[in-house]
Amino acid sequence: MAGAYWIAHVNVTDEAAYGEYAKRATVAIADHGGKFLARGGKYEILEGKDRARHVVAFFPSLQIAHDCYYSDAYQEALSYAKGASERDLLIVEAAE
C-alpha cells in the first residue's frame, strides 16, 4: 500500500475560527491514521500563487484520505474553516 498525502495551501483570515478548525481537524485526521509531516513552518515559494500556510499529512491509502475528508468529524471541523480561510487542498497518491 503506497499511502497518500493531503496537501493544503492556506491563507487564514480569521485566526480564532481557523484555530477551532485545526483543533477538530487534527482529531479527525488522527482517527483516520493520518500523520502530519509539515504544518506551518518555513517555506520558499518557487512557482504559483503564494499562501501563508502549508500543510502535508500522510494517510495509509488514497481511499482512507478520501474517507477522512468526507467523514462527519472532518466536515464538522471544515465548517469552522469556511469563511475563515482561503484554501487549496488536494489528495495525491504516494509514489511508493
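Okay, so let's go over this structure. (Residues numbered from 1 in each chain as written. Predicted model: local features only at pLDDT ≥ 70, side-chain atom pairs only at ≥ 80, totals over all residues. Heavy atoms only, no water.)

### So, the packing of helix α2 (residues 62-70) against helix α3 (residues 72-81)
A packed helix pair is summarised by two numbers, namely the angle formed by the two axes and the spacing between the axes. Test applied: A fitted line through C-alpha atoms represents every axis, and for helices the fit uses only the stretch in contact; the resulting angles, taken between N-to-C directions, go from 0 to 180 degrees. By the criteria applied, helices consist of DSSP H or I runs no shorter than four residues and strands consist of E runs no shorter than two, each listed in order from the N terminus. Reported orientations rely on four angle classes, namely roughly parallel under 35 degrees, roughly antiparallel over 145, roughly perpendicular from 65 to 115, and oblique for the rest. Contact between two residues is taken to exist if any of their heavy atoms lie within 4.5 Å; hydrogens are not considered. Classes in brief: Ala, Val, Leu, Ile, Met, Phe, Trp, Tyr, Cys and Pro nonpolar; Asp, Glu, Lys and Arg charged; the others, Gly included, polar.
Their axes nearest at 5 Å, the elements α2 and α3 cross at an angle of 55°. One element, α2, and the other, α3, form an angle in the oblique class. On α3, the residues touching Cys68, Tyr69 and Tyr70 of α2 are Asp72, Tyr74, Gln75 and Leu78. In terms of residue class, the contact of α2 with α3 is made up of five nonpolar, one polar and one charged.

### Regarding the sheet that holds strand β4 (residues 85-93)
Applicable threshold: Any two strands are treated as partners once DSSP identifies two or more bridges connecting them.
Overall, antiparallel pairing links the four strands, which are arranged β2-β3-β1-β4 in an open sheet. The open sheet has two edge strands with one neighbour each: β2 (35-39) and β4. Between one strand axis and the next, the sheet turns by 15° as a mean value, whatever way the strands run. As defined by bridge partners, strand β1 (residues 4-12) adjoins β4 across nine bridges and the pair is classed as antiparallel. The residue of β4 that forms the bridge with Val12 is Ser85. The sheet contacts of α2 involve β1, β3 (53-59) and β4, and relative to β4 the element is tilted by about 155°. Strands β1 and β4 of the sheet are contacted by α3, whose axis makes an angle of about 145° with β4.

### Focus on the packing of helix α1 (residues 15-31) against α3
This is how the line gets drawn: A clockwise turn of the near helix away from the far one marks a right-handed crossing, whereas an anticlockwise turn of less than a right angle marks a left-handed crossing.
At a minimum axis distance of 7 Å, the contact between α1 and α3 shows a crossing angle of 165°. The pairing of α1 with α3 is recorded here as roughly antiparallel in orientation. Between α1 and α3 the crossing geometry is left-handed. Taken together, the residues of α3 that come into contact with α1 (itself represented by Ala17, Tyr18, Glu20, Tyr21, Arg24, Ala25 and Ala28) are Ala73, Tyr74, Glu76, Ala77, Leu78, Tyr80 and Ala81. Here the contact of α1 with α3 is composed, by residue class, of eleven nonpolar, no polar and three charged.

### Some remarks on the pattern of salt bridges
Quick note on the threshold: We define a salt bridge as a side-chain nitrogen of Lys or Arg found within 4 Å of a carboxyl oxygen belonging to Asp or Glu.
This structure, assessed with the given rule, holds five salt bridges. Between Lys23 and Glu20 there is a salt bridge whose closest N-O contact spans 3.3 Å. Separated by three residues within a single helix, Lys23 and Glu20 lie in helix α1, roughly one turn from each other. One salt-bridge network, in which partners are shared between bridges, spans Glu20, Lys23, Arg24 and Glu76.

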